[in-house]
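Structural description and commentary
Next come the chains, spelled out residue by residue.
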Amino acid sequence: MTDTDGAPSAYAESPAPRHSPAEAAILASGLAVAPREMPALVRRVERRLPADAEAVRAALIETRRRAWIARLNDLANRTGRVWVRRAEVETAAGTITELEPEDDTLLAALGDAVARRLRGLGPTAEAALDAIAAELVETGSGSLSADRHAMLAREVAAAFGLQGEAELAFLDSVAAIESRRRRDLREAETATRAKRREEVQRLRAWERSLVEFRALSNLLGATEKEILRWIGAGLIPVARRIPTRNKGQEKWEFDPKEITALRPQVPAWREQEAPDLRSRPASPAVAKPTRAGNAAVARVAALDRYAGHFATARALNRRITLVTGPTNSGKSHTALDRLARSESGMALAPLRLLAHEFREALATRGVLASLSTGEERLPVPGSRHLAATVEMCPFHNPVDVALIDEAQMLGDRDRGAAWTAAIMGAPAREVFVLGAPECATLVRRIARLCDDDMEEVKLQRKNPLVAASKPVALGDLRAGDALVAFSRRDVLDLRAELVKRGRRVAVVYGALSPEVRRAEAARFRNGDADVLVATDAIGMGLNLPIRRVVFSTLRKFDGESRRELNTQEVKQIGGRAGRFGQHEEGVVAVLAGGGSPDFVKMMLNAVPETPEDLRPQVQPDADIVAAVAAEIGSDSLFGVLARIKRAVLRADDPNYRLADLTQAMAVASAIDGVPGLSLLDRWTYALCPVDERDNGVSRLARWAVEHGAGRPVPPPMAGRLPAPERAAREELERAEKVHKRLVAWRWLSLRFELAYPARAEAEAETIRLDRWIEDVLRQQRRSKLVM
């Protein structure tokens, strides 16, 4: 429009808006689209151009799927269906074809997805219900209320097509079983709490009965100087030592019953004292280990004379050969050769994986050996050789030669006591102890306590190990490199980044089973993977052709705090670089941004660190637990362990220190009241390897209740697994957790065969999980796992 003189009019119409091809297709489809949906819909339609109305409709459904997932999650939560997984919600949302589905439509789709999983959890409705209920407890969702358990039972019945009388019979049966289980668990928990209260009251009453030092003169009829000498000589037990504000000083308390019982011995003590001892000034310094706490308990436990527990070993004329050296120095080669030449012997390893490797190493030398680990036995008829994990050391069968590997584990907070027992108690005439140089001081001390002769052999690394001068960028990793992180999450994140960059990656971390670790190591060894991403799990075993070890960080969380790596860790892990015969040297580096190369160099060149505490760790065994229980007149495992912790070893005992009993006492606190289990049955449960972060103690308690009630304990099952290429990280983690629960179940099944009878089923599930996890880790394309 123009004015009369031809100029453009101020009221001219604006030109029609111009649309992109995608916007034009959306408008042409006639579908109602909310403004907030438009940007995402446009992007999806652009990928479908040229797009007709059906293509736009499909893109709109895909756009709205996220909102449907949120609605489904909300509906599941509001109805209390805590067993619904996110994967099932996503599957259900993916089946919706309506543009504006009602809640009933969404719930029906979700019901179909959940039903498919329920049918995959077991061959029968009963088995599926047990599996899903156990899974909810084990994953931290907690036990279902009675109402929710009934709701789940109805959903399981529907999934298996039960109707009419069959459905009613199923619901009545499972309700009765669940009611009984709840009653048994409730009664066990009540009895456990009562036992613990009783033991705590017993301990407190004993502590209140204690008297101070000044009361001893009247109780013994002796002077204070005499009493101090006799305390120093270990003749008078100090029941409790309480630190005072004055540094280095203690307040001593004594059990009056024990002191009164010693009075008849006073004349003999005076007769036996040498004249020079009488003239010596009184001193609280000990001449030999004193027994803290109840003297009778300490006497029967005798942990301050721990070496004497191993009668078979003490009856032999043992000789210990300590072989120390860094990684890749050939420590095990000579010992394995000597073991293979012997008529009988054993090789003790820190891991089930390494026990298998020892067995294979002996086989290559022409010796068939049996295998014994916590969860498996492979006996070889007629064989007089054994490959085993350290905890499975047989203490009563004499052999010619024993090999004990990774002796630096003596200092490990959780497992160090097992190495003490193995080195002290291995019933062999020749004992080869292998380890890093840091273990030498502790092994020497153990040899002295056992009165065994000892020879030391110090080996050097077979090829050089050098620190890289510069950090390594992630993009500069090359074939043959191992990238080390210190958590499963970091390993998978680094793997994801490398896969995105087109690298073929193998992974090794602690949550993987030995079988999967070996498979991943084989992929790296055979060249099917360029780079290995691993935790410090590669520090022991798994001989790999690693050219360069690259630390992603030089700090780690050790269970208590985040700290810098120590010398032994850098050498142990970094030493995996430069396998002799395959590389001229090993290189140790740090990832860019992960720390200083100078720190790595300093750690590699540092002298071996002396352990802070030079006393070997010790812990009670079944015989000690039984003896202490008899002495204190208690059937409470918690009470026995509490008394051992208080009464057996002084904190400053010169020779030994008590191992951490925290987890054993936690298990005892959970199962002490379970009827049908003896004290030593409960002690066996306390030794079972469980992960407390995965509700391991509460799971053991549930299993113990079933065991005590005479009902078979079914093995944990993973149920239906997605195709490996579609597995999300949370599904991989869930499978790894089930695998670890199976380890605990199989451990118990070897000790309680009647209570854990489905061993073949458990082994089949273990093998299935191993294969699935390995298939997931083999996926080298961008998938849910790497997102």
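Scroll up a little and you will see the structure.
Residues numbered from 1 in each chain as written. Predicted model: local features only at pLDDT ≥ 70, side-chain atom pairs only at ≥ 80, totals over all residues. Heavy atoms only, no water.

What to know about the nonpolar core
Grouped together as the largest cluster of nonpolar side chains are 137 residues, with contacts concentrated most on L483, V533, Y685, L748 and Y756. Setting aside chain neighbours within four positions, we find Y685 in contact with V667, I671, L677, L700, W703, A704, H707, L748, F752 and Y756. Membership of the second largest hydrophobic core comes to 47 residues, among which are A59, L75, L129 and A157. (Core = buried A, V, L, I, M, F, W, Y, C linked by side-chain atoms within 4.5 Å. Buried < 20%, exposed > 50% of the residue type's maximum accessible area, 1.4 Å probe, protein only. Contact = heavy atoms within 4.5 Å.)

Side note on the sheet that holds strand β1 (residues 211-212)
An order of β1-β3-β2 is seen for the 3 strands of this open sheet, with the pairing classed as antiparallel. Here the strands that pair on one side only, and so sit at the sheet edges, are β1 and β2 (240-243). With 4 bridges connecting them, β2 and strand β3 (residues 250-254) associate as antiparallel partners. Pairing of I242 across the sheet is with K251, part of β3. (Pairing = 2+ DSSP bridges. Helix = DSSP H or I, 4+ residues; strand = E, 2+ residues; numbered from the N terminus.)

Here we look at the layout of surface pockets
In this model, the second largest pocket occupies a volume close to 990 Å³. Forming the boundary of the second largest pocket are 42 residues, of which D130, A133, A134, R181 and P714 lie nearest the centre. Only α6 (125-138), α8 (164-208), α28 (696-708) and α29 (729-751) provide two or more residues apiece to the lining of the second largest pocket. For the lining of the second largest pocket, the leading source of residues is α6, giving 11 residues. (1 Å grid on protein atoms, 1.4 Å probe; cavity = no way out; pocket = protein on both sides within 12 Å on 5 of 7 lines; lining within 4 Å. Points joined across faces, edges and corners; volume = space filled by probe spheres on them.)

Quick notes on unusual backbone geometry
Geometrically, the link from L49 to P50 is a cis peptide bond, its omega value of -5° lying close to zero. Relative to the elements of secondary structure, P50 occurs in the loop between α2 (38-46) and α3 (53-78). The phi torsion at N328 lies on the positive side, around 70°, for a residue other than glycine. Its location among the elements puts N328 in the loop between β4 (319-324) and α16 (331-341). For N328, a relative accessible area of 11% gives the class buried. Phi is positive for N695, close to 55°, though the residue is something other than glycine.

Section: the side chain of S29
Within the element layout of this structure, S29 appears in helix α1 (residues 21-29). Only 3.3 Å separates the side chain of S29 from the backbone nitrogen of L31, close enough to count as a polar contact. Excluding residues within four positions of it along the chain, S29 makes contact with A53 and V56. (Polar contact = N/O pair within 3.5 Å; in protein donor to acceptor, adjacent residues only side chain to side chain.)

A closer look at the packing of helix α7 (residues 146-159) against α8
α8 packs onto α7 with a crossing angle of 145° between their chain directions and a minimal axis gap of 10 Å. Once α7 is placed against α8, the crossing between them reads as right-handed. Seen from α7, the contacting residues are A146, H149, A153, R154, V156 and A157; seen from α8, they are E167, F170, L171, V174, E178 and R182. Of the residues contributing to the contact of α7 with α8, the split by class is 7 nonpolar, 1 polar and 4 charged. (Axes fitted to C-alpha atoms, helices over the stretch in contact; angles between N-to-C directions. Left-handed = near helix turned anticlockwise from the far one by under 90°. Nonpolar A, V, L, I, M, F, W, Y, C, P; charged D, E, K, R; others polar.)

Things to note about the environment of L203
By the element assignment, L203 lies in helix α8. For L203, a relative accessible area of 6% translates into the label buried. C-alpha separation for the pair L203 and A642, spaced 439 residues apart in sequence, amounts to 8.7 Å. With near-sequence residues (within four places) excluded, L203 lies in contact with A642, R643 and R646.

Remarks on the environment of R182
Within the secondary structure layout, R182 lies in helix α8. Discounting chain neighbours no more than four positions away, the residues touching R182 are L144, S145, A146 and H149.

Notes on the pattern of salt bridges
Considering all chains together, one arrives at 57 salt bridges under this definition. A salt bridge links R78 to D74, with the nearest nitrogen and oxygen atoms 3.0 Å apart. A residue pair is termed a helical-turn pair when its members lie 3 or 4 positions apart in one helix, as R78 and D74 do in helix α3 at 4 residues. Classification of D74 by relative accessible area gives partly exposed; the value is 38%. Of the charged contacts in the structure, one is a salt bridge between R181 and E706, with a shortest N-O distance of 3.6 Å. (Salt bridge = Lys/Arg side-chain N within 4 Å of Asp/Glu carboxyl O.)

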